Amino acid sequence: MRIDTFKIEEWMNRYCPSAKYDLTTTCIEPLTIRELMTLSGIMKPLEIFDTKLTYGDIHGSVRLKTAIKSLYKNQDLKNITVTHGAIGANQLIFESVLDKGDEVITLLPVYQQHYSIPKALGANVKQVFLREENRWQPNLNEIEKAISYQTKLLCLNNPNNPTGAVIPDETLKHIVEIASKHNMWILSDEVYRGLNLVGEPYSESIADLYEKGISVGSMSKTYSLPGLRVGWVAAREDLINEINKHREYNTISVSILDDYYSAIALENRNKIALRNFEIMKTGLSVLSDWLNDEIYVKANLPQGGTTALLRYKKDVPSKTLCRNLQEKTGVALLPGETMEMEGTVRIGFCTEPDTLRKGLNEFSKYLRTI
């Protein structure tokens, strides 16, 4: 299978390690194991120390799947499988749902997996772009116009990376109505679910709203544990069975250690949320104040998630801007070109506040030199 270069990952692998002010991160300041255990109130010797490091439960332990189940309204253990991160979940879904010649509609901007993997599998991918003037919300008419008799799957990301837009629950229900009319699957990448900054923290999950809804989650973003390479799929039982058939070829099981710590984190997610929302609110305040003063950049403030998409008022390609910015100032931003959004850069605002302030200040000074 030939596949396009993963532009975001290639850029970050190349530039982020040398950054003085890394503003590309999409995770809320990661927890240490000590912090996780302290938050959880577990101070005694851990039972994990006496656990043999076998493969563990192949599709995820009952404890972990029970904790994941609690994130949904209508899912049971049979509707969940544990994967190697959300990145593994998405790949398995595409392999399980799509055949060559199928049609996929993807709402952009979004993680490149959602259009490059279907393309590599021989699917016809239609891209429907979210619009800044619509505050990055889906246009239902444009989605409907893109559908044909070959359309098998609609891909979306909620909350959205990189824009921080949150699809209202009512809009999600309208999208479900459209998909149901055409008997389509919906894949909703929900790795930022639980990080809404307006309304309830958790949006509705597509797996709860729709029989052919497929929800993907992860420990990386909402729960600040990207080093635990754990994700999951929530969907109807027959699809989970098909995913598990594909899963046997590339996963076997996640680490028994990752499974253990993920279960503890999800069982104590409310405590993690209190910590994380403070970090998010502080970062968003820093970003908002900077945007109010910066004449060369504009953005719709994010409603959720950990990132914002900034449009800059300079006639220079985003890759050139980001490369030169980092060389001169040490500030790392992600160029919009890597997300098919030229003329923009993505910023992660949930990093350490002093790093964020200094990085934004350096970005402002640099913009005045070009």
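Structure: above.
Residues numbered from 1 in each chain as written. Predicted model: local features only at pLDDT ≥ 70, side-chain atom pairs only at ≥ 80, totals over all residues. Heavy atoms only, no water.

Some words on unusual backbone geometry
Now for step 1: Between Asn158 and the following residue, Pro159, the backbone shows a cis peptide bond with an omega angle of -10°.
Now for step 2: Relative to the elements of secondary structure, Pro159 occurs in the loop between β5 (151–157) and α7 (169–181).
Now for step 3: Looking along the chain, the bond that leaves Asn161 and enters Pro162 is cis, with omega of 25°.
Now for step 4: Inspection of the secondary structure assignment puts Pro162 in the loop between β5 and α7.
Now for step 5: The residue Arg135 is not glycine, and still its phi comes out positive at about 55°.
Now for step 6: Structurally, Arg135 is set in the loop between β4 (124–129) and α6 (140–146).
Now for step 7: At Ser224, a position not held by glycine, the phi torsion is positive, near 60°. (Helix = DSSP H or I, 4+ residues; strand = E, 2+ residues; numbered from the N terminus.)

Focus: the sheet that holds strand β9 (residues 297–298)
Now for step 1: An order of β9-β10-β13-β12 is seen for the 4 strands of this open sheet, with the pairing classed as antiparallel. Of all strands in the sheet, those with a lone pairing partner are β9 and β12 (334–335), marking the two edges.
Now for step 2: Direction of pairing for β12 relative to strand β13 (residues 344–348): antiparallel, over a ladder of 2 bridges. Bridge pairing in β13 places Leu334 opposite Arg346. (Pairing = 2+ DSSP bridges.)

What to know about the sheet that holds strand β7 (residues 213–218)
Sheet strands pair by backbone hydrogen bonding; their relative direction is either parallel or antiparallel.
Now for step 1: The strand order β2-β8-β7-β6-β5-β3-β4 describes an open sheet built from 7 strands, whose pairing is mixed. If you trace the sheet from one side to the other, it starts and ends with β2 (80–83) and β4, each paired once. On average, each strand axis in the sheet is tilted by 20° relative to the strand beside it, whichever way the strands run.
Now for step 2: Two strands pair when backbone bridges link them, and β2 and strand β8 (residues 231–234) are joined in this way by 4 bridges, in the antiparallel orientation. Paired with Thr81 across the strands is Val233, a residue of β8. (Axes fitted to C-alpha atoms, helices over the stretch in contact; angles between N-to-C directions.)

What about the packing of aromatic side chains?
Now for step 1: What the rule picks out here adds up to 4 aromatic pairs.
Now for step 2: With centroids separated by 5.2 Å and ring planes inclined at 75°, the aromatic side chains of Tyr260 and Tyr261 adopt a geometry described as edge-to-face. Across the pair, exposure class does not vary: Tyr260 and Tyr261 are buried alike.
Now for step 3: We note Lys314 situated over the ring of Tyr296; from NZ or CZ to the ring centre the distance is 4.1 Å. (Phe/Tyr/Trp six-rings, centres within 6.5 Å; stacked < 30°, edge-to-face > 60°. Buried < 20%, exposed > 50% of the residue type's maximum accessible area, 1.4 Å probe, protein only. Lys NZ or Arg CZ within 6 Å of the ring centre and 35° of its normal.)

Observations regarding the nonpolar core
Now for step 1: Formed by 82 residues in total, the largest nonpolar core has its most connected members in Leu154, Ile186, Ile214, Leu310, Leu333, Ile347 and Phe363.
Now for step 2: Among the elements that make up this core, the one with the highest residue count is helix α11 (residues 269–293) (7 residues).
Now for step 3: Discounting residues that sit within four places of it in the chain, Leu310 has contacts with Trp290, Leu291, Val297, Lys298, Ala299, Gly343, Thr344, Val345, Ile347 and Phe363.
Now for step 4: If you look at the next biggest cluster of nonpolar residues, it comprises 28 residues, including Leu36, Ile48, Trp232 and Ala263. (Core = buried A, V, L, I, M, F, W, Y, C linked by side-chain atoms within 4.5 Å. Contact = heavy atoms within 4.5 Å.)

Observations regarding the side chain of Ser220
Now for step 1: Following the sequence through the fold, Ser220 ends up in the loop between β7 and β8.
Now for step 2: A polar contact is formed between the side chain of Ser220 and the side chain of Arg229, at a distance of 3.4 Å.
Now for step 3: Setting aside residues up to four positions removed in sequence, Ser220 forms contacts with Cys27, Leu225, Pro226 and Arg229. (Polar contact = N/O pair within 3.5 Å; in protein donor to acceptor, adjacent residues only side chain to side chain.)

Here's the deal with the environment of Asp293
Now for step 1: Mapped onto the fold, Asp293 is located in helix α11.
Now for step 2: Of the residues examined, Asp293 reaches a relative accessible area of 64% and is grouped as exposed.
Now for step 3: Between the C-alpha atom of Asp293 and that of Glu327, which follows or precedes it by 34 residues, the distance is 24 Å.

Side note on the pairing of β8
If a strand is regular, its side chains alternate between the two faces of the sheet.
Now for step 1: Of the two faces of β8, the one lined by Gly231 and Val233 and the one lined by Trp232 and Ala234 are each fully buried.
Now for step 2: Where β7 meets β8, 4 bridges bridge the pair, whose relative direction is antiparallel. Bridge pairing links Gly217 to Trp232 in β8.

Overview of the environment of Val125
Now for step 1: With respect to the element layout, Val125 can be found in strand β4.
Now for step 2: Distance in space between the C-alpha atoms of Val125 and Leu154 is 9.9 Å, their sequence separation being 29 residues.
Now for step 3: When sequence neighbours within four positions are dropped, the list of residues in contact with Val125 reads Val104, Thr106, Tyr115, Pro118 and Lys119.

Focus: helix α13 (residues 353–367)
Now for step 1: For α13, spanning 15 residues, the distance from its first C-alpha to its last is 21 Å, which sits close to the expected 21 Å at 1.5 Å a residue.
Now for step 2: Where α13 is concerned, the buried positions are Leu356, Gly359, Leu360, Phe363, Ser364, Tyr366 and Leu367. Burial along α13 is one-sided: seen end-on, the buried residues are contained in an arc of 160°.
Now for step 3: Backbone nitrogen of Asp354 and a side-chain oxygen of the N-cap are separated by 3.0 Å at the start of α13; the cap is Glu352. (Expected span 1.5 Å × (residues − 1). Arc of directions from axis to C-beta.)

What about the pattern of salt bridges?
Now for step 1: One pass over the full model with this rule turns up 20 salt bridges.
Now for step 2: A salt bridge links Glu211 to Arg236; the nearest nitrogen and oxygen atoms lie 3.2 Å apart. Here the residue Glu211 occupies a position in the loop between α8 (206–209) and β7, and Arg236 occupies one in the loop between β8 and α9 (237–247), the gap between them amounting to 25 residues.
Now for step 3: Residue class for Glu211 comes out exposed when judged on its relative accessible area of 57%.
Now for step 4: Judged by its relative accessible area of 25%, Arg236 falls in the partly exposed class.
Now for step 5: A salt bridge links Glu242 to Lys245; the nearest nitrogen and oxygen atoms lie 3.2 Å apart. Of this pair, Glu242 and Lys245 both sit in helix α9, 3 residues apart, roughly one helical turn.
Now for step 6: You can call Glu242 partly exposed: its relative accessible area is 25%. (Salt bridge = Lys/Arg side-chain N within 4 Å of Asp/Glu carboxyl O.)

By themselves, these are just geometric observations and shouldn't be taken as functional.
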